[in-house]
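# Structural description and commentary
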Amino acid sequence: VPSAPRNVVSVVNQTSVILEWHSPRDTGHREDLSYNVVCRRCHSNERRACQPCDDSVVFAPGKEMLKGTMVEISKLRAHTSYTIDIQAVNGVSNKSPYPAQQLSINITTNQAAPSEVPIMHQVSSTSRSFSLSWPPPEQPNGIILDYEIRYYDKLCVIFFEIDLTLVQKNTQNY
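Described in the following lines is the structure provided in the data block. (Residues numbered from 1 in each chain as written. Predicted model: local features only at pLDDT ≥ 70, side-chain atom pairs only at ≥ 80, totals over all residues. Heavy atoms only, no water.)

Here the focus is the environment of Val117. Tracing the sequence through the fold places Val117 in the loop between β8 (101-108) and β9 (121-125). Residue Val117 is classed as partly exposed on the basis of its relative accessible area, which comes to 27%. Residues Val117 and Pro135, spaced 18 residues apart in sequence, show a C-alpha to C-alpha distance of 6.8 Å. (Helix = DSSP H or I, 4+ residues; strand = E, 2+ residues; numbered from the N terminus. Buried < 20%, exposed > 50% of the residue type's maximum accessible area, 1.4 Å probe, protein only.)

Let us look at the sheet that holds strand β2 (residues 17-22). If you trace the 4 strands from one edge of the open sheet to the other, you get β1-β2-β6-β5, paired in antiparallel fashion. Since the sheet does not close on itself, it has two edges, and those belong to β1 (6-12) and β5 (58-60), each with one partner. Neighbour-to-neighbour, the strand axes of the sheet open up by a mean angle of 20°, direction not taken into account. Two elements, β2 and strand β6 (residues 70-74), share 4 bridges in a ladder whose sense is antiparallel. Residue Ile18 lies in a different strand from β6, and its bridge partner there is Glu72. (Pairing = 2+ DSSP bridges. Axes fitted to C-alpha atoms, helices over the stretch in contact; angles between N-to-C directions.)

With that settled, consider the sheet that holds strand β3 (residues 34-42). Taken in spatial order, the 4 strands make up an open sheet running β4-β3-β7-β8, and their pairing is antiparallel. A single partner strand is all that each edge strand has here, and the edge strands are β4 (50-52) and β8. Taken pair by pair, the neighbouring strands of this sheet meet at an average axis angle of 30°, ignoring direction.

Let's shift gears to the nonpolar core. The biggest cluster of nonpolar side chains holds 20 residues, and the ones touching the most others in it are Leu19, Val71, Ile73 and Ile84. Those elements giving two or more residues to this core turn out to be β2, β3, β6, β7 (81-89) and β8. (Core = buried A, V, L, I, M, F, W, Y, C linked by side-chain atoms within 4.5 Å.)

Turning our attention to the environment of Asp26. Within the secondary structure, Asp26 is located in the loop between β2 and β3. The partly exposed category is assigned to Asp26, whose relative accessible area is 34%.

Here it is, written out as structure tokens:
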């Protein structure tokens, strides 16, 4: 049975991670060495709070029987903690009474832009002001620091549309 892979290096962004590692010191005296990658999403730093990654998570070039020492894991959730196990195996690992030796790494994906606010309600209004209310976005993708509200005057939008139509008509005449 081979020893664990060594010296993992990670490059993390909002929804993916690239992992590279060195081969184990001991290959188990065989040349049919390969790697399995196991991904778990974690809710805290405790291992028992981790669940297998969603089926939507993508492993390239794969997650089992990898011949190379690199994998890209994508379609992860933003601002989420994961534990990734890289197991070294060979042709006799499944016959061994001992589990595959593995290297574990904890990563947290970066924050990303939140999803849109699902709905907004007008709470009250006067001739000079109005109050709005909304629930948080379904996917905060990090810590929400503030909200941006964009207000458009309907008259300006209509005027802009008229101008755009005139420009298109003039362009067609040439």
